[in-house]
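In case you want the letters, here they are:
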Amino acid sequence: MSMFRKTRIRLVTLNVIVFVLLLNGLGGALYASMQYRLYAQVDAELKQIGKRLLFDPFPFFRAEKRRMLDVDRRMVFLLWDDRGELIRKEYGDSIDPAELLKFRPDGVADGIETLTVDGQTYRVYTLSIDKRVFAEGRVWKVKRIQMVVNLEPEEKMLNTLLYVLGIGGVVSIVIAVFAGLFLAKRALIPIQLSWEKQQRFIADASHELRTPLSVILLHLERLFRNPDHTIEQESENIWVSIQETKRLNKLVSDLLTLARSDSNELQIMKQRVRLDELAGKAVQSFQQLAELKEIDVQATIEQPLDMCGDGERLYQLLVILLDNALKYTKEKGTIKVTCRRDSHWVTMVVADTGIGISKEDLPFIFDRFYRGDKMRSREMEGTGLGLSIAKWIVDAHGGRIRVESEEGVGSSFTVTLPARGKDAG
């Protein structure tokens, strides 16, 4: 469907965008963290050396030319006089003399900064100092000293990391697209199934509504064909119209019940109820109908039998199961109703000796409007919604419903409900 195709594209696009943003965020955080740690190591060494220069004698200009053996060979010391002239450079790798003046600390505050000179990045620690040194036959006044470290190794490492993150990002985007397609397809499966089920439901509902409406319309038209007939003469048409109107009214009521249950508008009002009294009342209401078909209704109801639930819905549940059993049980058959307590549960069983349900139909009997081939005849009136409503009532009470059936032998519906109004399992 084009609708689901568009939805799938939106889901994939959203997944990719979220994944890219997350990946870029994590990659940026990793890059920033690595840069901070590399720079922090250089800064720590610069501060340590700077502290030594402040409080210890200069290791420069001595006759023995003693070097600071523990200093990074990349570090270069620049000594500046009070006029901003470079006195000399000490230690470390060589820097082009033409570039040295670019480090002049005029107007630069003490501290650590990053400078880029001719495309090369340096970490520079500028420190104010007041010392006198003797060099080249004269005394120099050292006012500022700079410690310069070439960050080429750190920059290479960061560039390599950035390259890896870039390649990984491109590969991850490709993976995200395929993963997004897979996840979107999986995510849309229940939506598609629900959509198809809804479409079938609408189609079945339209069909079920159309049938009684067509019958009513047909018989009303027959009344107009013979305007001189008496009510007695047209009683059959009137009776059929009334019956179909009742059937239509029940169908609309059942549809409304299921629609409200789907939207969570229909709530279960739980309170303490006597299930034995509800079961006895339901059995009694079907007793007379059963006698007309010479069906024996046997009830075994434990007394007292109370539980927490919605009395009106529980009675509706019993009526649905009894009506279903009575509808598909042949003459001289038997219907057995059992209600008992099993520990923290209440069990209701409605068993009949009716036509039974085929193995092919059994998994679908709680689906809306589903009726097996044997149940499709107009002789057996029904909306195909009763068992769907029954299952909703059971689920709303936190219970379970199951059915056992064999064609030509009969069916047995077993309902298990928590006695205290919640799932004890």
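Please refer to the structure placed before this passage.
About the cut-offs
Residues numbered from 1 in each chain as written. Predicted model: local features only at pLDDT ≥ 70, side-chain atom pairs only at ≥ 80, totals over all residues. Heavy atoms only, no water. Helix = DSSP H or I, 4+ residues; strand = E, 2+ residues; numbered from the N terminus. Expected span 1.5 Å × (residues − 1). Bend = angle between axes of the 7 residues up to and from the residue. Buried < 20%, exposed > 50% of the residue type's maximum accessible area, 1.4 Å probe, protein only. Contact = heavy atoms within 4.5 Å. Pairing = 2+ DSSP bridges. Axes fitted to C-alpha atoms, helices over the stretch in contact; angles between N-to-C directions. Core = buried A, V, L, I, M, F, W, Y, C linked by side-chain atoms within 4.5 Å. Left-handed = near helix turned anticlockwise from the far one by under 90°. Nonpolar A, V, L, I, M, F, W, Y, C, P; charged D, E, K, R; others polar.

### Observations regarding helix H5 (residues 275-292)
For step 1, the next point in the chain: Between its first and last C-alpha atoms H5 spans 27 Å; for 18 residues at 1.5 Å apiece the expected length is 26 Å, and the two agree.
For step 2, the next point in the chain: Bending of H5 peaks at approximately 35° at the position of Phe 286.
For step 3, the next point in the chain: Taken together, the buried positions of H5 are occupied by Leu 275, Asp 276, Leu 278, Ala 279, Ala 282, Val 283, Phe 286 and Ala 290.
For step 4, the next point in the chain: The elements touched by buried residues of H5 are strand E6 (271-274), strand E7 (296-301), strand E8 (306-309), helix H6 (311-327), strand E9 (334-342) and strand E10 (345-352).
For step 5, the next point in the chain: After H5 finishes, the residue Glu 294 shows a positive phi value of roughly 55°.

### Some remarks on the environment of Pro 105
For step 1, the next point in the chain: Mapped onto the elements of the fold, Pro 105 is located in the loop between helix H2 (97-100) and strand E3 (111-117).
For step 2, the next point in the chain: Taking the C-alpha atoms as reference points, Pro 105 and Ser 128, separated by 23 residues in sequence, lie 9.9 Å from one another.
For step 3, the next point in the chain: Each residue touching Pro 105, except ones within four places of it in the same chain, is listed here: Trp 80, Thr 126, Arg 144 and Gln 146.

### So, the pairing of strand E11 (residues 400-406)
For step 1, the next point in the chain: Where E11 and strand E12 (residues 410-418) come together, seven bridges link them in antiparallel fashion. The residue of E12 that forms the bridge with Arg 402 is Thr 414.
For step 2, the next point in the chain: In sequence, E11 turns back onto E12 through a hairpin of three residues, with Gly 408 there showing a positive phi of about 80°.

### Some details on the sheet that holds E11
For step 1, the next point in the chain: Pairing is mixed in the open sheet, where five strands are placed in the order E7-E9-E10-E12-E11. What marks the edges here is a single partner per strand, and that holds for E7 and E11. For this sheet the average axis-to-axis angle between neighbouring strands, irrespective of direction, equals 10°.
For step 2, the next point in the chain: Against the sheet, H5 makes contact with E7, E9 and E10, and its axis sits at roughly 175° relative to E7, the strand it touches most.
For step 3, the next point in the chain: Taken strand by strand, H6 contacts E9, E10 and E12, and its axis lies near 20° from that of E10.

### Focus on the nonpolar core
Most often, soluble globular proteins have nonpolar side chains that are buried together.
For step 1, the next point in the chain: Counting residues in each nonpolar core, the largest one holds 48 residues, and the members touching the most others are Leu 275, Leu 317, Leu 322, Ile 335, Met 348, Phe 413 and Val 415.
For step 2, the next point in the chain: Secondary structure elements with two or more residues in this core: helix H4 (235-262), H5, H6, E9, E10, helix H7 (386-396), E11 and E12.
For step 3, the next point in the chain: Counting residues per element, this core draws most heavily on H6, which supplies eight residues.
For step 4, the next point in the chain: Those residues in contact with Leu 322 that lie beyond four places of it in its chain are Ala 282, Val 283, Phe 286, Ile 335, Val 337 and Val 350.
For step 5, the next point in the chain: By size, the runner-up hydrophobic cluster in this structure holds 21 residues, among which are Leu 38, Val 42, Met 75 and Leu 79.

### With respect to the side chain of Thr 416
For step 1, the next point in the chain: Locating Thr 416 in the fold gives a position in strand E12.
For step 2, the next point in the chain: For Thr 416, a relative accessible area of 11% corresponds to the buried category.

### Section: the packing of H6 against H7
Any two packed helices are characterised by how steeply their axes cross, that is the angle between the axes, and by the distance between the axes.
For step 1, the next point in the chain: H7 packs onto H6 with a crossing angle of 145° between their chain directions and a minimal axis gap of 9 Å. Between H6 and H7 the crossing geometry is left-handed. Residues Arg 313, Gln 316, Leu 317, Ile 320, Leu 321 and Asn 324 of H6 touch H7, and the partners they reach there are Gly 386, Leu 387, Ile 389, Ala 390, Trp 392, Ile 393 and Val 394.
For step 2, the next point in the chain: Within the contact of H6 with H7, the residues separate by chemical class into nine nonpolar, three polar and one charged.

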